[in-house]
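In case you want the letters, here they are:
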Amino acid sequence: MSVKIHDSWKAVLKDEFEKPYFEKIKEFLVTEKKAGKAIYPPGSLIFNAFDSTPFDEVKVVILGQDPYHNPGQAMGLSFSVPVGVRTPPSLKNIYKEMNQDVGTTIPDHGDLSSWTKQGVLLLNAMLTVEHKKAGSHKKIGWQEFTNAVIKKISEEKEGVVFLLWGNFAKGKKELIDEMTHYVLESAHPSPLAGGAFFGNHHFSKTNELLKEQGKAEIDWQIA
């Protein structure tokens, strides 16, 4: 894999990269690609979240489950798609809530990269997926890795705001020390949640929590 990852994460996750389970992840992906299977995102973007948001700058974590499994969608950032790709339904609902909560205008694309530059880690629990097969890499070891990521943030940082949307994300709550961090929970933004995501005010609440700590607020507006 041609991997791009910020040096700060390489240092923090050094032990994880050297564990047997991580070697098995790499071997699995190489084998699948040799077998002609399409894997998303492209190898260079698998660790995009870690390359875009250095460990030292993480202030907010938005936890997703699986990369998008259609061609051209996955870019290594939870909920985000490249410019030129149709905005997925869950992200449309995120935009609607932002509009109601903090008055942002709804953009015409789904690239959330501007958030990552402000300390928002857009983390998926699984970092890869097979073409058209949601959850296909759920059991190859990624969750062990991303659980370790969440624990590292919890143990080594303070005052991070974790946004847990949907039951899967809420299941990661036990990895977070709520004495030193903030956890905001709600329904998933998917239309399947029947609109239960709306009205959670997570974007304004996040900024209030950052402001209380003297940290710069997130400009949620996507240009």
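Here the structure is shown first, and the text comes after it.
**Things to note about the sheet that holds strand E3 (residues 120-124)**
Strand order across the open sheet formed by four strands is E3-E2-E5-E6, with parallel pairing between neighbours. In this open sheet, the two strands that pair with only one neighbour each are E3 and strand E6 (182-186). Here the strands of the sheet are splayed against their neighbours by 20 degrees on average, with no regard to which way each runs.

**Details of the packing of helix H5 (residues 89-102) against helix H9 (residues 202-212)**
Axis separation between H5 and H9 bottoms out at 8 Å; the angle between their running directions is 60 degrees. In terms of axis orientation, H5 runs oblique to H9. Facing H5, whose interface residues are Ile94, Glu97, Met98, Asp101 and Val102, H9 presents His202, Phe203 and Ser204. For the contact of H5 with H9, the residue count by class is four nonpolar, two polar and two charged.

**Digging into the side chain of Asn207**
Mapped onto the secondary structure, Asn207 falls in helix H9. Of the residues examined, Asn207 reaches a relative accessible area of 9% and is grouped as buried. Residues within four places of Asn207 in sequence aside, it is in contact with Glu217, Ile218 and Trp220.

**Overview of the packing of aromatic side chains**
To describe a pair of aromatic rings, one takes the distance between the centres and the angle between the planes. Going through the model one piece at a time under the given rule, you end up with 21 aromatic pairs. Judged by centre distance (5.1 Å) and plane angle (80 degrees), the rings of Trp9 and Phe55 are edge-to-face. Here the residue Trp9 occupies a position in helix H1 (residues 7-12), and Phe55 occupies one in the loop between helix H4 (48-52) and strand E2 (60-64), the gap between them amounting to 46 residues. Note on accessibility: Trp9 and Phe55 belong to one class, buried. It is Lys157 that lies over the ring of Phe55; its NZ or CZ is 5.2 Å from the centre.

**Some details on the side chain of Asn48**
With respect to the helices and strands, the residue Asn48 is situated in helix H4. Given a relative accessible area of 12%, Asn48 falls into the buried group. Excluding anything up to four places from it in sequence, Asn48 contacts Met75, Gly76 and Leu77.

What counts and what doesn't
- Residue indices begin from 1 for each chain and proceed along its sequence in written order.
- Given that this is a predicted model, residues contribute local features only at a pLDDT of at least 70 and side-chain atom pairs are listed and counted only at 80 or more, while totals for whole chains, interfaces and linings are drawn from all residues.
- In computing side-chain properties, one takes all heavy atoms of the structure into account and sets aside hydrogens as well as water.
- Strand pairing is assigned whenever DSSP detects at least two bridges linking the two strands.
- The numbering of helices and of strands both runs from the N terminus, where a helix is a DSSP run of H or I of at least 4 residues and a strand a run of E of at least 2.
- Every axis in this analysis is a line fitted to C-alpha atoms, fitted for helices over the stretch in contact. Angles between the N-to-C directions lie between 0 and 180 degrees.
- To sort the angles, those under 35 degrees are grouped as roughly parallel, those over 145 as roughly antiparallel, those from 65 to 115 as roughly perpendicular, and the leftovers as oblique.
- The contact criterion used throughout is that any non-hydrogen atoms of two residues lie within 4.5 Å.
- Basically, the charged four are Asp, Glu, Lys and Arg, the nonpolar ten are Ala, Val, Leu, Ile, Met, Phe, Trp, Tyr, Cys and Pro, and anything else, Gly included, counts as polar.
- In this scheme, a residue with accessible area under 20% of its type's maximum is buried, one over 50% is exposed, and one in between is partly exposed, where area comes from a 1.4 Å probe on protein chains only.
- Pairing of aromatic side chains requires ring centres within 6.5 Å, counting the rings of Phe and Tyr and the six-membered ring of Trp. Pairs whose planes differ by under 30 degrees are stacked, by over 60 edge-to-face, and all others tilted.
- Only lysine NZ and arginine CZ atoms are considered, and such an atom sits over a ring when it is within 6 Å of the ring centre and within 35 degrees of the ring normal.

Just distances and angles here, no functional claims.
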